[in-house]
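Survey of secondary and tertiary structure
Spelled out, the chains give:
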Amino acid sequence: NLIVEGNVGIGTTSPNAQGLTIRREGSNEQTLLQLDRPNTVGLKTNIKFSVANIMVGKIQHEYAASNYNHMSFTLRSVGGADIIPLWLENSGNVGIGTTSPSSKLDVVGDVALTGDIIFGINGKLEYSSTHWITPRDSAGNMHLRTSSGGIYLDSPLVYIREAGATSNYSKFDN
């Protein structure tokens, strides 16, 4: 056991934090703190934040299985339960409100957005596999579709395909 009263400095004789200061001179990338553990499936490594010995936040890494690991950010809710608002997988998927994200960004809950959503060509806003909006196709046109019909906007023209039709849109213009 090492018991130190006062500030501790590693690489400095003048620690300025109330606790631990780690300092290393240089301009290139340097690892100042490394948490290392055995390569054991299921083992978790974390940095825990507490108030009066009660965990209020945690950053955790888990080696869940061969070539599968994740990091999570845990917070203590107002009611006292642990919640995981952010989950990162080594697949590149990120979960907000979920610990099993199935796409690059998987949000469970409402999203408040100030600003624009920019769609790439043929990107779509999908309600289900049969209902979607394609804000911009390769010609710059907009599509509102269901699996059997929809509206196609080609300014200033509007085309409507009725449910059950397999081709040919009705054309409307001014």
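Above this note sits the structure.
In this report, the structure presented in the accompanying data block is examined. (Residues numbered from 1 in each chain as written. Predicted model: local features only at pLDDT ≥ 70, side-chain atom pairs only at ≥ 80, totals over all residues. Heavy atoms only, no water.)

Where strand E3 (residues 44-51) and strand E4 (residues 54-65) come together, eight bridges link them in antiparallel fashion. Considered in E4, the bridge of lysine 48 is made with lysine 58. Hairpin connection from E3 to E4: two residues lie between these consecutive antiparallel strands, with alanine 52 at a positive phi of about 55 degrees. Here E4 runs beside strand E5 (residues 68-76); their pairing, made up of eight bridges, is antiparallel. Within E5, the position partnered with lysine 58 by the bridge is threonine 74. (Pairing = 2+ DSSP bridges. Helix = DSSP H or I, 4+ residues; strand = E, 2+ residues; numbered from the N terminus.)

Now for the sheet that holds strand E6 (residues 82-89). Ordered in space as E3-E4-E5-E6-E7-E8, the six strands form an open sheet in which the pairing is mixed. Across the chains shown, the open sheet's two edge strands, defined by having one partner strand only, are E3 and strand E8 (105-107). Pairwise comparison of adjacent strand axes, ignoring direction, gives a mean angle of 15 degrees for this sheet. Pairing of strand E7 (residues 94-96) with E8, which is carried by three bridges, proceeds in the parallel orientation. Note that in E8 the partner of valine 94 across the bridge is leucine 105. (Axes fitted to C-alpha atoms, helices over the stretch in contact; angles between N-to-C directions.)

To continue, consider unusual backbone geometry. Even without being glycine, alanine 52 reaches a positive phi, approximately 55 degrees. Mapping alanine 52 onto the fold places it in the loop between E3 and E4. With phi around 65 degrees, asparagine 53 is a residue other than glycine that occupies positive phi space. Relative to the helices and strands, asparagine 53 resides in the loop between E3 and E4. Asparagine 53 gets classed as exposed once you look at its relative accessible area, which sits at 77%. (Buried < 20%, exposed > 50% of the residue type's maximum accessible area, 1.4 Å probe, protein only.)

Below, the discussion takes up the pattern of salt bridges. By the definition in use, this model includes one salt bridge. For arginine 76, the salt bridge identified is with aspartate 82, shortest N-O distance 2.9 Å. Looking at aspartate 82, the relative accessible area reads 45%, which means it is partly exposed. (Salt bridge = Lys/Arg side-chain N within 4 Å of Asp/Glu carboxyl O.)

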